[in-house]
Amino acid sequence: MTFFASRWVPRPDHVTELDGSGLPAGFRAAGAAAGIKPSGAPDVGLMVCDAPAATSAARFTASGTQAPPVLLCRERCRLDALRAIVVNAGNANAATGRPGLDNAAKMQGSGALVAGVGEDQVAVCSTGVIGVPLPMHKITHGIVAAAHGLSADGDAAFSAAIQTTDAFEKRARLEVALPSGTVMLTAQAKGAGMISPRFATLLVFVQSDALLSAETCDLLLGVCVKRSFERVSVDGQLSTNDTVILQCSGASGVAVEPETEDELRFGEALDALMRQLALLVVRDGEGARRVGRVVVRGGDLAAADAVGRAVANSPLVKTALYGGDPNWGRIIQAAGAAMPGTAPLPVDVTIEGVQVCGRGSYVPHDAAALAEAVIGDEVDYEIGLPGEGAETEVFFSDLGHEYITINADYTT
C-alpha cells in the first residue's frame, strides 16, 4: 500500500516514496518495552539527532489542561534546537500535578544523559490514559534500553513504541528532489481517538536531513499544521498531550533558503506528508469504516469554518457516513446549527459531485446512484454558503460500534 493513498492528497511530482526503514542522515531511533502497556508491547521511544547544529520547531495542544510533558517542553526546551525526543505510550502523565512535572523532568534528564545533549534540547512526550501516575522506574529502564538499541533504521521500532489504540502504523519515508539537491523526509505518528479539528490527539515526529534555519522550520511547520492536523476530527475531543515536532539535521548539505524554489518545493513535500498523515489518523479513528471530507465555500472565513467543523463533528452525520447513508438532511441540520439567526439560509449541498440541495431546497437527483457513491472508503461533501471569498475543509471519520467498544472499556 502506498503512503499517498488518498485522492485528496496527491503525491507531488518531485517526491518519491521509499520502502522499508531508515532515517535521514544524522538521526537514530529506537523503541523498547518498559512494561507500561499491559500487552508487553514496546512503549518507550527515543529519537536522537547527532548533528550539533540541528534546527527544529514544535506545535502543541491548545487545551487548558495541558499535560506536564507539554508544559515542560514549552517552558524548558529550546524548541528551535531540539536534539532528542523521549516518548512513552500507555500513560499520558496528564492531570498528575507536581509529581507529573517532576517525572517529565526526570524523563528529560534521562534522555539528555543517554543522548549526550543538554536537557533543554530534549523534548518529552507521553500518550495514553489520563490521571494515572507515571511509573518512572519502568520509564527510566525503558529509556536506557532504547538508547542501547539506537540505529539509523530504528524508525519502525520507534513508530511501534509510540502507538496506543492505533490499528496500524503511521510512518513515511520520502525522497524530495529540490533544485539544490535531494533530501529525505521521514515521519512517525500516532493517533486514533480523542481527535479534535482544533488540533489532533496525536504525536507526530518529522525528520529531514535538509539544512533549514530555525525560522524556516517554524514557518513551514506552522503553515502545514494549519492545513493538516488542525483540519481533522474523529470525535471532536481536544487532547491534553498533542505534540508535533520537526527536526532538521542539515547533514545532506542541501540548504533550503527563505523565499526560494527550494523552500517552495520542500514546503510542498512537507505539506503533502503531513496532510496524508492526518488522514491516516482519521482513517484509523478507533473502528472507523470511512473517511469524509467537507469543503465549505462562500461567506466569511469564520462562518465557513464553523459550518465545516459542525458537520465534521456531528454524530448524526458521522453515523450516516458509517452506514453509507447519503442522508443530506443531517448536513443541513448541522450547517444551520452553526449559523443561528441566518434563516432562511440559502445553503447548497453536494455529495460526491451530486447536488442534493440548492439554496436551502431539495434538488431532484438520482438517489440510487448517490447511495452507491457513498459506500466507498472516502466520501466528499461540498457546502455552499451565500457570499464569496471563503473556503475551508475538514477531514473526519465516521462513528460506529467499535468506537464505543474501545472507549467504554479503555481503562478497564
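Residues numbered from 1 in each chain as written. Predicted model: local features only at pLDDT ≥ 70, side-chain atom pairs only at ≥ 80, totals over all residues. Heavy atoms only, no water.

1. Some remarks on the confidence of the model for the protein
Then comes step 1: On average, residues of the protein score 92 in pLDDT, and 93% of them reach the 70 mark or higher.
Then comes step 2: Considering only residues more than four positions removed or in separate chains, one finds that residues 194-200, a stretch of pLDDT under 50, has 47 contacts. (pLDDT = per-residue confidence, 0-100. Contact = heavy atoms within 4.5 Å.)

2. Digging into the pairing of strand S5 (residues 84-91)
Then comes step 1: Taking burial as the measure, the eight residues of S5 include seven buried ones, the bulk of the element.
Then comes step 2: Judged from the five bridges that link them, strand S3 (residues 44-49) and S5 form a sheet pairing that is antiparallel. Note on S5: the bridge partner recorded for Gly45 is Val87. (Buried < 20%, exposed > 50% of the residue type's maximum accessible area, 1.4 Å probe, protein only. Helix = DSSP H or I, 4+ residues; strand = E, 2+ residues; numbered from the N terminus. Pairing = 2+ DSSP bridges.)

3. A closer look at the packing of helix H7 (residues 301-313) against helix H9 (residues 328-338)
Then comes step 1: The N-to-C vectors of H7 and H9 enclose an angle of 135°; their axes lie 8 Å apart at closest approach. As the angle between them shows, H7 and H9 are arranged oblique. As for the relative orientation of H7 and H9, their crossing is right-handed in sense. Residues Ala306, Val307, Ala310 and Val311 of H7 form the contact with H9, whose participating residues are Ile331, Ala334, Ala335 and Ala338.
Then comes step 2: For the contact of H7 with H9, the residue count by class is eight nonpolar, no polar and no charged. (Axes fitted to C-alpha atoms, helices over the stretch in contact; angles between N-to-C directions. Parallel < 35°, antiparallel > 145°, perpendicular 65-115°, else oblique. Left-handed = near helix turned anticlockwise from the far one by under 90°. Nonpolar A, V, L, I, M, F, W, Y, C, P; charged D, E, K, R; others polar.)

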